[in-house]
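# Examination of the molecular architecture
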Amino acid sequence: MAWKDSYLIGVSLIDEQHKELFERVFDFVGVVRSPALWNDKQKKVEQTLAFMKDYVVIHFKAEENYQEKIGYPFLEEHKKIHSDMVDYVLQVEKEYLKSGASESLMQRFAGRLMSWLINHVASEDRKIGDFSKGKLEASKKMTGSFYEATREVFDLMLNVEASPIKNIDVSAKECITVRIDIYGDREGSVIYQFPKETILNMVKMMSGMEVSEIDEFVTSAAGEIANIISGKALISMSEQDISCDISPPQFSCDANETFVDENTKIYVSTEVGKLTIAVNLIEI
Ligand SMILES: [Fe+2]
Ligand SMILES: [Fe+2]
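Residue numbering note: each chain is counted from 1, following its sequence as written. Going through the entries in the order they are written, you letter the chains from A and number the ligands from 1. Totals for whole chains, interfaces and linings use all residues, but because this is a predicted model, local features are given only for residues with pLDDT of at least 70 and pairs of side-chain atoms are given and counted only at 80 or more.

### Here we look at the pairing of strand β6 (residues 265-270)
The pairing of strand β1 (residues 162-164) with β6 spans three bridges and is classified as antiparallel. Bridge pairing in β6 places Ser 163 opposite Ser 269. Judged from the six bridges that link them, β6 and strand β7 (residues 273-283) form a sheet pairing that is antiparallel. When the bridges of β7 are listed, Val 268 appears paired with Leu 275. Here the rule is simple: two strands pair whenever DSSP picks up at least two bridges between them. Helix and strand labels come from DSSP, where a helix needs a run of H or I of at least four residues and a strand needs a run of E of at least two; each type is numbered from the N terminus. Adjacent in sequence and paired antiparallel, β6 and β7 are bridged by two residues.

### So, helix α6 (residues 216-238)
Helix length check: α6 (23 residues) gives 32 Å between terminal C-alpha atoms against 33 Å at 1.5 Å per residue, within 8%. Neighbour counting defines burial: a residue surrounded by 20 or more other C-beta atoms within 10 Å of its own C-beta is buried, one with 12 or fewer is exposed, and intermediate counts give partly exposed, using backbone-placed C-beta atoms. Residues of α6 that are buried: Val 218, Ala 222, Ile 225, Ala 226, Ile 229, Ser 230, Ala 233, Leu 234 and Met 237. For the purpose of contact definition, each residue receives a C-beta atom placed from its backbone, and two residues are in contact when these atoms lie within 7 Å. Of the surrounding secondary structure, the elements contacted by the buried residues of α6 are α4 (103-158), β2 (175-184), β3 (186-195), α5 (196-207) and β4 (244-246). For a helix, the expected span equals 1.5 Å multiplied by the residue count minus one.

### Regarding the domain arrangement of the protein
In this document the domain limits rely on a domain assignment from an automatic tool or a database. Assigned domains within the protein: domain 1 (5-134) and domain 2 (136-283). Its C-alpha centre places domain 1 at a distance of 42 Å from the equivalent point of domain 2. Listed per partner, the contact involves six residues of domain 1 and eight residues of domain 2. The biggest single contributor to the side of domain 1 that touches domain 2 is α4, with three residues.

### Notes on α5
For α5, which comprises twelve residues, the first-to-last C-alpha distance of 16 Å matches the rise-based estimate of 16 Å (1.5 Å per residue) to within 8%. Turning to α5, its buried residues are Thr 198, Ile 199, Leu 200, Met 202 and Val 203. Here the buried face of α5 lies against α4, β2, β3, α6 and β7. Positive phi appears at Gly 208, one or two residues downstream of α5, with a value of about 70 degrees.

### Some words on the confidence of the model for the protein
Counting all residues, the mean pLDDT for the protein is 90, and 95% of those residues have values of 70 or more. pLDDT expresses how confident the predictor is about each individual residue, on a scale running from 0 to 100. Mean pLDDT across the elements of the protein bottoms out in strand β5 (residues 250-252) (85) and peaks in helix α3 (residues 75-98) (96).

And the structure:
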């Protein structure tokens, strides 16, 4: 069995794909190395080669998408390694046809591919898993500061108590999503999702006026509230010697735009409604 659990990188989507990839690559290697005469196994070699090649492309793409999603800083380098490998496979395929199905070429290719795959998964892909774990830890540690800041802001601005809840089920369509980018000792973003009902109630309370639709006035108020909560969280982080700055709020309809791990989300319930805060930071 070629797969070893020591190759696991801790990201289930990628780990599952790696197992499948190993299976296909080693099927191919197994056929190439089988004792049958080349002429007899040639067809099978070509079939397994095609089957494996398809999956290489699927996997590389999925892995790159994941890296993009978590803001992996070495995405471009990693993409280059992948595309060099794809180029190599295509090159070999071309030479194979030109050579009239050379066995020696396929033997060399299988040997290199196997070694490349093991090394790539165990070293390069592992770094993606390590980055993702580091990010999760850094974010988890900061959720407390954002939660406390949220409680304080609701108390000071609205005289409303906020408490944690398990989760909230709302679609992004019914929300205002505010993203605050953070840079300094921790980098990334914090995403605030205010369901329509919550933000309308908050604005009503602050303004003393009837508000029934999300408009620029309401959106701008939501942005400022996210800004204030973030500012307070950063002050409490600075007391732990973590120094960061924030950039102005940005609005988006896509709540799932960046790395979202359930462990770094804060769900808050108040008498004016609920909200979600996703903390998405890495330690620099
Ligand atoms: Fe991979
Ligand atoms: Fe990779």
